[in-house]
Amino acid sequence: MNYEMTIGLEVHAELNTATKIYCGCKNAFGAEVNSNCCPICTGMPGTLPTLNEKVVEYAVKMGHALNCKINPVSKQDRKNYFYPDLPKAYQISQFDIPLCENGYLDVMVDEKGNTKRIGVTRIHIEEDAGKLLHDESFAGSLVDFNRCGVPLIEIVSEPDMHSSAEAKAYLETIKSILQYIDISDCKMQEGSIRCDINVSVCRPGEPMGTRCEMKNVNTFSGAVRAIEYEAKRQIEVLEAGGVIHQETRRWDDAKGQNFLLRSKEDSHDYRYFPEPDLLTIVIDEEKIWRLKDELPELPNQKLKRYMESYGLPHFDANLLTENPDKAAFFESCVDKNNCKTKNISNWLLGDVSRILNEKNLSLADTALTPEKLTDMIALIEKGTISVTAGKTVLEEIIFSEKTPEQVVKEKGLAQISDTGALAAIVQSVLEANPKSIADYKGGKTNVIGFLIGQCMRQSKGQGNPAVLKELIEKQIENC
Amino acid sequence: MELFEMTAASLSEKLRKKECSAVEITRSALTQIEKKEEQIGSFVTVCEERALKKAEEVDKKIAAGEQLSPLAGIPVGVKDNICTEGTLTTCSSKMLYNFVPPYNATVVDKLENADAVIIGKCNMDEFAMGSSCETSYFKKTKNPWNPDYVPGGSSGGSASCVSAGEAVLALGSDTGGSIRLPASYCGVVGLKPTYGSVSRYGLVAFASSLDQIGPLGRSVEDVANLYAVICGRDPMDATSAVREYGAFGSQISRSVKGLRIGIPKEYFGDGVDPEIKSAVMNSIDMLVKEGAETVSVSLPSTDYALSAYYIISSAEASSNLARFDGVKYGYRAEGYANLTDMYEKTRSEGFGDEVKRRIMLGTFVLSSGFYDAYYKRAKQMQQKIAQEYAEAFSQCDLILTPTSPSTAFQIGERTDDPLKMYAADICTVTVNIAGLPAISVPCGTASNGLPIGLQMIGPKFSEQLLFNAAGCFENLCGGFGVAPAMRG
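Residues numbered from 1 in each chain as written. Chains lettered and ligands numbered in written order. Predicted model: local features only at pLDDT ≥ 70, side-chain atom pairs only at ≥ 80, totals over all residues. Heavy atoms only, no water.

Visitor: Can you help me understand the overall build of chain A in this one?
Guide: A count of helices and strands for chain A gives 15 helices and 16 strands. Taken against the 2.2 N^0.38 rule, which gives 23 Å for 479 residues, the C-alpha radius of gyration of chain A at 30 Å runs more than 25% over that of a compact globule. For chain A, the C-alpha atoms occupy an extent of roughly 95 × 55 × 55 Å along the three principal directions. As displayed, chain A has an accessible area near 22,400 Å², and 50% of this comes from carbon and sulfur atoms. Charged side chains in chain A number 56 positive and 71 negative. The centres of these two groups are separated by 4 Å. (Helix = DSSP H or I, 4+ residues; strand = E, 2+ residues; numbered from the N terminus. Rg over C-alpha atoms; globule rule 2.2 N^0.38 Å. Areas by Shrake-Rupley, 256 points an atom, 1.4 Å probe, with all protein chains shown as cover. Lys, Arg positive; Asp, Glu negative; His and termini not counted. Charge placed at Lys NZ, Arg CZ, Asp CG, Glu CD.)

Visitor: Explanation requested: the overall build of chain B in the structure shown.
Guide: Counting secondary structure elements, chain B contains 15 helices and 11 strands. For 488 residues, the compact-globule estimate of 2.2 N^0.38 gives 23 Å, and chain B sits close to it at 21 Å. Put simply, chain B has 488 residues, and 64% of those count as buried. Across chain B, the fraction of contacts at a sequence separation of at least 24, relative to all contacts at a separation of at least 6, is 76%. (Buried < 20%, exposed > 50% of the residue type's maximum accessible area, 1.4 Å probe, protein only. Contact = heavy atoms within 4.5 Å.)

Visitor: Even after reading the chapter, I still don't get the sheet that holds strand E10 (residues 151–157) of chain A, so can you show me in this structure?
Guide: Within a sheet, each strand pairs with its neighbour through backbone hydrogen bonds, oriented either parallel or antiparallel. Residue and element names in this part refer to chain A. Taken in spatial order, the 9 strands make up an open sheet running E2-E6-E7-E10-E1-E11-E12-E13-E14, and their pairing is mixed. Among the strands making up the open sheet, the edge pair consists of strand E2 (69–70) and strand E14 (257–263). Where strand E13 (residues 247–252) and E14 come together, 6 bridges link them in antiparallel fashion. Counted as the bridge partner of Arg249 is Leu260 from E14. Across the face of the sheet, helix H2 (residues 164–180) comes into contact with strand E1 (4–14), strand E6 (100–108), strand E7 (115–127), E10 and strand E11 (193–202) while running at roughly 20° to E1. (Pairing = 2+ DSSP bridges. Axes fitted to C-alpha atoms, helices over the stretch in contact; angles between N-to-C directions.)

Visitor: What exactly am I supposed to notice about the packing of helix H10 (residues 387–397) of chain A against helix H11 (residues 404–411) of chain A here?
Guide: The relative placement of two packed helices comes down to the angle between their axes together with the axis-to-axis distance. All names here are of chain A. Relative to each other, H10 and H11 sit at 115°, their axes nearing to 9 Å. Between H10 and H11 lies a crossing whose hand is right-handed. Residue-level contacts link Thr392, Val393, Glu396 and Ile397 of H10 to Pro404, Val407, Val408 and Lys411 of H11. Class assignment of the residues belonging to the contact of H10 with H11 gives a composition of 5 nonpolar, 1 polar and 2 charged. (Left-handed = near helix turned anticlockwise from the far one by under 90°. Nonpolar A, V, L, I, M, F, W, Y, C, P; charged D, E, K, R; others polar.)

Visitor: I would appreciate a short explanation of the nonpolar core in the present structure.
Guide: As a rule of thumb, soluble globular proteins bury nonpolar side chains together. With 158 residues, the main nonpolar core has B:Phe127, B:Tyr389, B:Met456 and B:Phe467 as its most contacted residues. Within the second largest apolar cluster, 99 residues are counted, among which are A:Tyr3, A:Val11, A:Ile174 and A:Ile227. (Core = buried A, V, L, I, M, F, W, Y, C linked by side-chain atoms within 4.5 Å.)

Visitor: Would you explain the pairing of strand E8 (residues 293–297) of chain B in this entry?
Guide: Residue and element names in this part refer to chain B. The sheet contact formed by strand E7 (residues 260–264) and E8 spans 5 bridges and is parallel. Paired with Gly262 across the strands is Val295, a residue of E8. For the handedness criterion, the β-α-β arrangement of E7, helix H8 (residues 274–289) and E8 is classed as right-handed. (Right-handed = clockwise from strand over helix to strand, strands pointing away.)

Visitor: Honestly, the interface of chain A and chain B in this entry has me stumped. Any pointers?
Guide: Much of the literature gives interface size as the accessible area that the parts lose upon coming together. Opposite the 30 residues of chain A that make contact, chain B presents 37 residues. Across the chain A to chain B interface the summed buried area is about 2,700 Å²; carbon plus sulfur atoms make up 63%. Summed over the shared surface of chain A and chain B, the number is 1 salt bridge. The salt bridge partner of A:Asp277 is B:Arg200, with a shortest N-O separation of 3.0 Å. Taken together, the links from chain A to chain B amount to 13 residue pairs in polar contact (both at pLDDT 80 or more). Counting residues per element, the ones that place at least two in the side of chain A that touches chain B are strand E4 (77–80) and strand E15 (273–274) of chain A. Of the residues contributing to the side of chain A that touches chain B, the split by class is 19 nonpolar, 6 polar and 5 charged. (Buried area = accessible area lost by both parts, 1.4 Å probe. Salt bridge = Lys/Arg side-chain N within 4 Å of Asp/Glu carboxyl O. Polar contact = N/O pair within 3.5 Å; in protein donor to acceptor, adjacent residues only side chain to side chain.)

Visitor: When you look at the domain arrangement of chain A in this model, what are you seeing that I'm missing?
Guide: Taken as a whole, chain A is organised into domain 1 (4–290), domain 2 (297–411) and domain 3 (419–478). Just the C-alpha atoms count here: the centres of domain 2 of chain A and domain 3 of chain A sit 32 Å apart. (Domains from an automatic or database assignment.)

Visitor: Whenever I open this one, helix H5 (residues 299–309) of chain A confuses me. Can you help?
Guide: In an α-helix, one turn spans 3.6 residues, which is why side chains three or four residues apart end up on the same side. Residue and element names in this part refer to chain A. Every buried residue of H5 is listed here: Pro299, Lys302, Leu303 and Tyr306. Taken around the axis of H5, the buried residues stretch over an arc of 100°, which confines them to a single face. Exposed residues lying more than 90 degrees from the buried face of H5 are Lys304, Glu308 and Ser309. One or two residues past the end of H5 sits Gly311, with phi positive at roughly 65°. (Arc of directions from axis to C-beta.)

Visitor: Honestly, the sheet that holds E15(A) in this entry has me stumped. Any pointers?
Guide: Taken in spatial order, the 3 strands make up an open sheet running E5-E4-E15 (chain A), and their pairing is antiparallel. Looking at which strands have only one partner, the edges of the open sheet turn out to be strand E5 (90–93) and E15 of chain A. Where helix H9 (residues 302–320) of chain B meets the sheet, it contacts E4, E5 and E15 of chain A, and its direction lies at approximately 60° from that of E4(A).

Visitor: What's the story with a nonpolar patch on the surface in this structure? I'm lost.
Guide: Residues and elements named next belong to chain A. A grouping of Val33, Leu133, Phe138 and Leu142 is seen on the molecular surface, where their side chains present a nonpolar patch of about 300 Å² in accessible area. The topology assignment puts Leu142 in strand E9 (residues 141–144). Judged by its relative accessible area of 33%, Leu142 falls in the partly exposed class. (Patch = residues over 30% accessible without salt bridge, like charges linked within 9 Å, V, L, I, M, F, W, Y side chains within 5 Å.)

Visitor: What exactly am I supposed to notice about unusual backbone geometry here?
Guide: A negative phi holds for most residues other than glycine; trans holds for most peptide bonds. Look at the link from B:Gly153 to B:Ser154: it is a cis peptide, with omega at 10°. Looking at the element boundaries, B:Ser154 is found in the loop between strand E3 (117–122) and helix H5 (156–163). We note that A:Asn360 has phi near 55°; this positive angle belongs to a residue other than glycine. Of note, A:Asn360 is situated in the loop between helix H8 (341–359) and helix H9 (370–382). If you check the backbone angles, B:Asp115 has positive phi at about 65° while not being a glycine. Of note, B:Asp115 is situated in the loop between helix H4 (106–113) and E3.

Visitor: Sorry if this is basic, but what is going on with the state of the cysteines here?
Guide: Two cysteines, two sulfur atoms, one covalent bond between them: this is a disulfide. Residue and element names in this part refer to chain A. Counted according to the given criterion, the structure contains 0 disulfides over all chains. In this structure Cys37 is not part of a disulfide, and its nearest cysteine sulfur, from Cys41, lies 5.4 Å away. This cysteine, Cys186, is not joined by any disulfide, and Cys195 carries the nearest cysteine sulfur, 13 Å off. (Disulfide = S-S within 2.5 Å.)

Visitor: Would you mind going over helix H1 (residues 8–16) of chain B with me for this structure?
Guide: Residues and elements named next belong to chain B. Within the sequence span of H1, burial applies to Ala8, Leu11, Ser12 and Leu15. Seen from one end, H1 has its buried residues packed into an arc of 100°, which puts them on one side. Check the buried side of H1 and you find it contacts helix H2 (22–40), helix H3 (48–63), strand E4 (169–174) and helix H7 (220–230). Positive phi shows up at Lys18, right after H1, with a value of about 55°.

Visitor: Explain the pairing of strand E10 (residues 438–445) of chain B here, please?
Guide: The two faces of the sheet receive side chains in turn, since in a regular strand these alternate between them. Residue and element names in this part refer to chain B. Of all 8 residues in E10, 6 are buried; the element is thus mostly enclosed. In this sheet, E10 lies alongside strand E5 (residues 189–192) in antiparallel orientation, the contact comprising 3 bridges. Pairing of Leu191 across the sheet is with Ile439, part of E10. In the sheet, E10 pairs with strand E11 (residues 451–457) via 6 bridges, with the strands oriented antiparallel. From the neighbouring strand, Val441 faces E11, where its bridge partner is Leu454. Hairpin connection of E10 to E11: 5 residues between the antiparallel strands, including Gly449 at a positive phi of 85°.

Visitor: In this structure, what is going on with the packing of aromatic side chains? I would like to understand it.
Guide: Pairs of aromatic rings are described using the distance from one ring centre to the other and the angle between the two planes. Under the counting rule described, the total for this entry stands at 26 aromatic pairs over all chains. With centroids separated by 5.4 Å and ring planes inclined at 45°, the aromatic side chains of A:Phe82 and B:Tyr343 adopt a geometry described as tilted. Pair noted here: A:Phe82 is in the loop between E4 and E5 and B:Tyr343 is in helix H10 (residues 339–350), and the two residues belong to different chains. A relative accessible area of 32% means that A:Phe82 is categorised as partly exposed. (Phe/Tyr/Trp six-rings, centres within 6.5 Å; stacked < 30°, edge-to-face > 60°.)

Visitor: Even after reading the chapter, I still don't get the environment of B:Val429, so can you show me in this structure?
Guide: By the element assignment, B:Val429 lies in helix H14 (residues 429–434). A C-alpha to C-alpha distance of 31 Å links B:Val429 and B:Val46, two positions 383 residues apart in sequence.

Visitor: What's the story with the environment of A:Ile174 in this structure? I'm lost.
Guide: Residues and elements named next belong to chain A. With respect to the helices and strands, the residue Ile174 is situated in helix H2. Sequence separation between Ile174 and Ile155 is 19 residues; the distance between their C-alpha atoms is 9.2 Å. In this structure, Ile174 is in contact with Val11, Met62, Leu66, Leu105 and Ile155, ignoring residues within four places of it in sequence.

Structure below.
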């Protein structure tokens, strides 16, 4: 039996403001346990929150990026529940009037650049909670309050996705936008993006099924697995004649399974009410528009432009625009205007990415500059060096201050295009391979590749393959 | 007259003239505490060392010829829900029996910068919930006019220490009448300032949207001078108003000439003791003779105020007090099976009955399915009451009412009847609901020998006007002072 799945996502992203949302503590990951907290973020008696205005600005930017209506007046509310990592026993969040509402995101769903529009219900600001630590030397749990008061935005989607692939594309686009507008570090391993996933299934044409929610999925690949698992679980229940009950389930990525956390009857009553310690958030129109003007070109717009004005295939454009640093580097390279755009893309996505991945570095960690990369590519395009020599040059210039020209000179990598010097090599290779000459004359023209290879070897890689090819063809004809 | 009986203004004058030292003033108060504290029980903690150290500093400043603030060397009691760095701050609750804050409330910083001498932390109703000071976990404070009677609450210790001469001034907090009610019961002056004029940073919250710290003293000038020190914008409190404040104490005109006094009939109904009605009407007559006029005004929603107040304040309290869970500080129950059990035992054992009653009430009114019927309607009522005040103030400058429908009641008299206890706040809660300033001044004694309070209510930020009118009335009465039984 066929089923259609429906997915809605709640993405929580930690913002990279300098300080926390309601106090002056540093907003930094990885500090010593309980060193980045104060009486305010640990909710000590009598202390009061004061709102960090940057948090509002960051959230409004995200609202603009996701085409939301920005509410000039919004309010903050208390969400009440007991847990040891929540020192006030309430989280300051936004309930009925969030900062941003009614937006959408166009997500690329195929290689042709076709998009699908996913509705964004709302974006609101809230504070993060602390973390429980479990130590074998201690019977109970310990609490680290460093994360308390780290600013979060929660981005709630409409239930507009119908496959795990669509959900993944949505998540990746959100992540990429967060990086482009530079409001989140997006470090998945540090938990700076987390999501809650709502999944339901139904037969095509029938009304939407009952949804189940999975909490705190920390990776995008985990989200895909969680969605697939939950849809399968629900289908199995229905196929066995069962009924889906609305419930919250906990995804265990290691086990690849989810487990019942609580049923609807046991769901929390958060007793939301307006936060009396804070004023309503009022943003004037001028500021709302200024924040919109400050938005950079967003990844989807950029991708489209790369395909249209640079003529790049979707594969290249997609990878190049994945993060803003890579895209900016690429565009500076193109601006040098001394080599082919497609070659820049090939090198960036090929050898440069390979080296970065091997060493787990980003472009900013290296000595590579757009000048150096395009100069090197230009040397190849002009025939001064071979592609093979180019790889050697890249390995050098990426980690040193040397220019490609210096490396070529030092290592003697300049390609020999002088026919006089190469003719002797060609002659000796042909003399040593009479059978290849016969094969070539017999119509197996592809042996020429072998012969070029032999010549390259004798020239220690410096022979210009194009010149060699010409010489070989000429000499065979003369034989 | 001994030092402990004098006003801050006259003590300050003496200090300036070097007729006494700050240490002598503090010692005089400490001696009075030694004599009377066992009987009255104003304090949870007496800060003898801290006080004498500060007094010595003040004497050094005097010796060095430095400029003195009007509060320099003046012993001040601080309600025990106002955080004092390094000094126990219990909110008179078992829950915080051992809590020593690592920070000062903004008002405490301001007191210290003004060289006031913090002499002790005043007993109160637990977490400021109560009208009699009887819900304190530690002790029941007695009324200095008659120790069989309550001092009023929740700032009972703040009022009693001033009335008993154990301190010259005190800070209280007022959420529904908690400064004005004990001020009236103990025969002292107490001001509930405009919401937002005094920082709440460091005040352990009861109901955040209603709480306000304010001064108590034995003269209008003293109260005005203390208010001048504690008011002002505080960036640590988002609800504190952005505005400039005057000097207050030095600007009291003590004139009511041409002042229009509004008399709301709703505050002179059957629930008000006839003796109190006549004392308040007499006071109004005295002011009229000084050139004030009276205007009849109406605050028709007053009947609903108490219900709205208990819904809003309990809702906020249920959330504010949720942090007392035994995890981080204060009381934690022993012998629990798991986390939930630890929460339940800690909160069951750490809170008293009245606090638990309000937490349950507040939790209920915020619950889904009940929010609209209770909390939302109470907030609508709040707006209506504020609007009615605004209309009244278009016809008059100040509104005068009794501070409480009765004088102090006997200890134990109302502890079993929460509704009767809540009724003590009937004349004061609307002021908090509307965020207005109001002052309570003594206006005579009843046949039981206990003081009666006159409440003057003004529009937002009209404290100077309240001091002017209260100062005029004080002159007409010939001044107030330490309770008769407490005099030296």
